[in-house]
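# Understanding the architecture of this molecule
Residue-level listing of the chains:
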Amino acid sequence: MAFDKDAIIASLKDATILDLADLVSAIEEEFNVSAAAPVAAAGGAEGGAAEKTEFDVELTSAGTAKVKVIKAVREATGLGLKEAKDLVDNAPSIVKEGLDEAAANELKAALEETGAAVTVK
């Protein structure tokens, strides 16, 4: 008996979802395997690698209320007026680096309230 993968694929295309679920269960039972184990292991490995703990807040555009954005940048960073103005004028630029997620989102919200466009990286 020859293995005909094309015939198997053709029959799988015509199968219903219930038929496919029964097939998976039968294969798991026959070969003593679990179809969910490889998926869970791959998902766990990806989740650990993607976990990020430090975020940078980048000002992408000052918008129309530039003075308000400069004031907000000064308040958030402690920079002088000239330094804050230069940072805003040279957007896109990093406002703060190495923040935790909550602080980065809080700073983003404060800058967006003034009309600035901000991204968290």
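Everything here concerns the structure above.
Attention in this report is confined to the structure presented alongside it. (Residues numbered from 1 in each chain as written. Predicted model: local features only at pLDDT ≥ 70, side-chain atom pairs only at ≥ 80, totals over all residues. Heavy atoms only, no water.)

## Some details on the overall build of the chain
Which entries qualify depends on this criterion: Each helix corresponds to a stretch of at least 4 residues labelled H or I by DSSP, and each strand to a stretch of at least 2 residues labelled E; elements are numbered beginning at the N terminus. Summary of the burial criterion: residues with accessible area below 20% of their type's maximum are buried, those above 50% are exposed, and those between are partly exposed, where the area comes from a 1.4 Å probe applied to protein chains only. Any two residues whose heavy atoms approach within 4.5 Å are treated as being in contact. The accessible surface values rely on the Shrake-Rupley method and a 1.4 Å probe; as for residues, cover is taken only from the protein chains in view.
The helix and strand tally for the chain stands at six helices and three strands. Counted from the first residue to the last, the chain has its helices and strands arranged as α-α-α-β-α-α-β-α-β. Looking at the chain as a whole, 17% of its 121 residues are labelled buried. The contacts of the chain with a sequence gap of at least 6 include a subset with a gap of at least 24, amounting to 64%. About 8,700 Å² of surface is accessible on the chain, with carbon and sulfur atoms providing 56% of the total.

## Points about a nonpolar patch on the surface
Quick reminder of the rule: In this analysis, a patch consists of residues with relative accessible area above 30% that form no salt bridge, clustered at 9 Å for like charges and at 5 Å for the nonpolar side chains Val, Leu, Ile, Met, Phe, Trp and Tyr. Any Lys or Arg side-chain nitrogen located within 4 Å of an Asp or Glu carboxyl oxygen qualifies as a salt bridge.
A cluster of nonpolar side chains, Phe3, Ile8, Leu12, Ile17, Leu20, Leu23, Ile27, Phe31 and Val33, forms an exposed patch at the surface whose accessible area comes to about 880 Å². Of all the secondary structure elements, the ones that give two or more residues to the nonpolar patch are helix H1 (5-14) and helix H2 (17-31). Per element, the largest residue contribution to the nonpolar patch is five residues, and it comes from H2. With respect to the element layout, Leu20 can be found in helix H2. Of the residues examined, Leu20 reaches a relative accessible area of 30% and is grouped as partly exposed.

## What about the nonpolar core?
Short version of the rule: Only buried Ala, Val, Leu, Ile, Met, Phe, Trp, Tyr and Cys residues count toward a nonpolar core, and they belong to the same one when joined by side-chain atoms within 4.5 Å.
With 18 residues, the main nonpolar core has Val57, Leu59, Val73, Val88 and Leu111 as its most contacted residues. Contributions of two or more residues to this core are made by strand E1 (55-61), helix H4 (66-77), helix H5 (81-89), strand E2 (93-99) and helix H6 (101-113). Per-element accounting of this core gives the leading share, four residues, to H4. Residues within four places of Leu59 in sequence aside, it is in contact with Val69, Leu87, Val88, Ala91, Pro92, Ser93, Val95, Ala116, Ala117 and Val118.

## Comments concerning H4
To be explicit about the condition: Residue count minus one, scaled by 1.5 Å, sets the expected span of a helix. In this description, one arc is meant: the one made by directions from the helix axis to the C-beta atoms.
Across its 12 residues, H4 extends 16 Å between first and last C-alpha, which sits within 8% of the 16 Å expected from 1.5 Å per residue. For H4, the full list of buried residues reads Val69, Ile70, Ala72 and Val73. Axial view of H4: buried residues confined to an arc of 165 degrees, hence all on one face. The outward face of H4, more than 90 degrees from its buried face, is lined by the exposed residues Val67, Lys68, Lys71 and Glu75. Tucked inside the fold, the buried residues of H4 contact E1, H5 and H6. Downstream of H4 by a residue or two, Gly78 has a phi angle that is positive, lying close to 80 degrees.

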